[in-house]
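Examination of the molecular architecture
This is what each chain is made of:
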Amino acid sequence: MFGEKDLRVLLASMAPSLDAEDFVFCTADDLQIVLKLGILPKGMFAEKEGTTLILTKSEAQQASLSFSGEYRCITLNVHSSLEAVGLTAAVSTALAQANISANVVAAYYHDHIFVPSNKALIAMSTLEALVDKSRIS
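Just so you know, these numbers come straight off a predicted model, no measurement behind them. (Residues numbered from 1 in each chain as written. Predicted model: local features only at pLDDT ≥ 70, side-chain atom pairs only at ≥ 80, totals over all residues. Heavy atoms only, no water.)

With that out of the way, let us pick up the overall build of the protein chain. Counting secondary structure elements, the protein chain contains five helices and seven strands. Ordered by position from N to C terminus, the α and β elements of the protein chain give α-β-β-α-β-β-α-β-α-β-β-α. Taking 2.2 N^0.38 as the reference for a compact globule, 137 residues should give roughly 14 Å; the C-alpha atoms of the protein chain span a radius of gyration of 16 Å, in line with that estimate. Considering only C-alpha atoms, the protein chain reaches an extent of 50 × 35 × 25 Å along its principal axes. Looking at the protein chain as a whole, 39% of its 137 residues are labelled buried. Restricting the contact set of the protein chain to residue pairs at least 6 apart, pairs at least 24 apart contribute 74%. A total of about 8,100 Å² of accessible surface is found on the protein chain, and carbon and sulfur atoms cover 54% of it. Here the protein chain contributes 10 positive and 15 negative side-chain charges, whose respective centroids are spaced 5 Å apart. (Helix = DSSP H or I, 4+ residues; strand = E, 2+ residues; numbered from the N terminus. Rg over C-alpha atoms; globule rule 2.2 N^0.38 Å. Buried < 20%, exposed > 50% of the residue type's maximum accessible area, 1.4 Å probe, protein only. Contact = heavy atoms within 4.5 Å. Areas by Shrake-Rupley, 256 points an atom, 1.4 Å probe, with all protein chains shown as cover. Lys, Arg positive; Asp, Glu negative; His and termini not counted. Charge placed at Lys NZ, Arg CZ, Asp CG, Glu CD.)

Okay, the side chain of Ser 80 next. Take Ser 80: it is sitting in the loop between strand E5 (71–76) and helix H4 (87–97). A polar contact is formed between the side chain of Ser 80 and the side chain of Asp 111, at a distance of 2.6 Å. Once residues within four sequence positions are removed from consideration, Ser 80 is found in contact with Gly 3, Glu 4, Leu 10, Leu 87, Tyr 108, Tyr 109, His 110 and Asp 111. (Polar contact = N/O pair within 3.5 Å; in protein donor to acceptor, adjacent residues only side chain to side chain.)

When pLDDT is averaged along the protein chain, the result is 91, and 99% of the positions lie at 70 or above. The spread of mean pLDDT over the elements of the protein chain runs between helix H2 (residues 31–36), the lowest at 74, and E5, the highest at 98. (pLDDT = per-residue confidence, 0-100.)

What follows is about the side chain of His 112. Topologically, His 112 is positioned in strand E7 (residues 111–116). Judged by relative accessible area, His 112 falls into the buried class, the value being 16%. Side chain to side chain, His 112 and Thr 75 meet in a polar contact 3.0 Å long. Those residues within four positions of His 112 in sequence are excluded, and the remaining contacts are Cys 73, Ile 74, Thr 75, Asn 103, Val 104, Val 105 and Ala 107.

Right, let's talk about the pattern of salt bridges for a bit. The full count for this structure, using the stated rule, is two salt bridges. One salt bridge in this structure joins Lys 5 and Glu 83, with 3.1 Å as the shortest N-O distance. Taken as a pair, Lys 5 in the segment before helix H1 (7–12) and Glu 83 in the loop between E5 and H4 lie far apart in primary sequence, 78 residues in all. The salt bridge involving Lys 57 is made with Glu 70; its shortest N-O contact spans 2.8 Å. Within this pair, whereas Lys 57 is found in helix H3 (residues 57–62), its partner Glu 70 is found in the loop between H3 and E5, the two being separated by 13 residues in sequence. Residue class for Lys 57 comes out partly exposed when judged on its relative accessible area of 24%. (Salt bridge = Lys/Arg side-chain N within 4 Å of Asp/Glu carboxyl O.)

The next thing to look at is the environment of Ser 80. On the basis of relative accessibility, which here comes to 3%, the residue Ser 80 falls in the buried class. For the pair Ser 80 and Ile 54, spaced 26 residues apart in sequence, the C-alpha separation works out to 21 Å.

Have a look at this one:
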């Protein structure tokens, strides 16, 4: 299965769920240190300036990695196609209207939105309202 492409279906069935842990974004000059500690990043992206890691706050502290900001992960529990058009825009727009920053990671099966921890519950309410609105229209 390659995922859903229809935006109306995606919005109406995205079923957001909030991860209980706090996550942080950090960089590591030596990934071997992180790997030796047995830490498996939630996400990782290689950039020319360094490798970005998404770790739980406790894992980053265990590896003595610096970070700024704490985030909660909201997973959209619908198998969205990587070719779907508009899902990221719709979610980002709704969160922006609620003054919530959104760091979106699109994975093979689901989209994951990292929002500031102190705004996570408001973000969930905002996304649930978007689902409700999509089901009505």
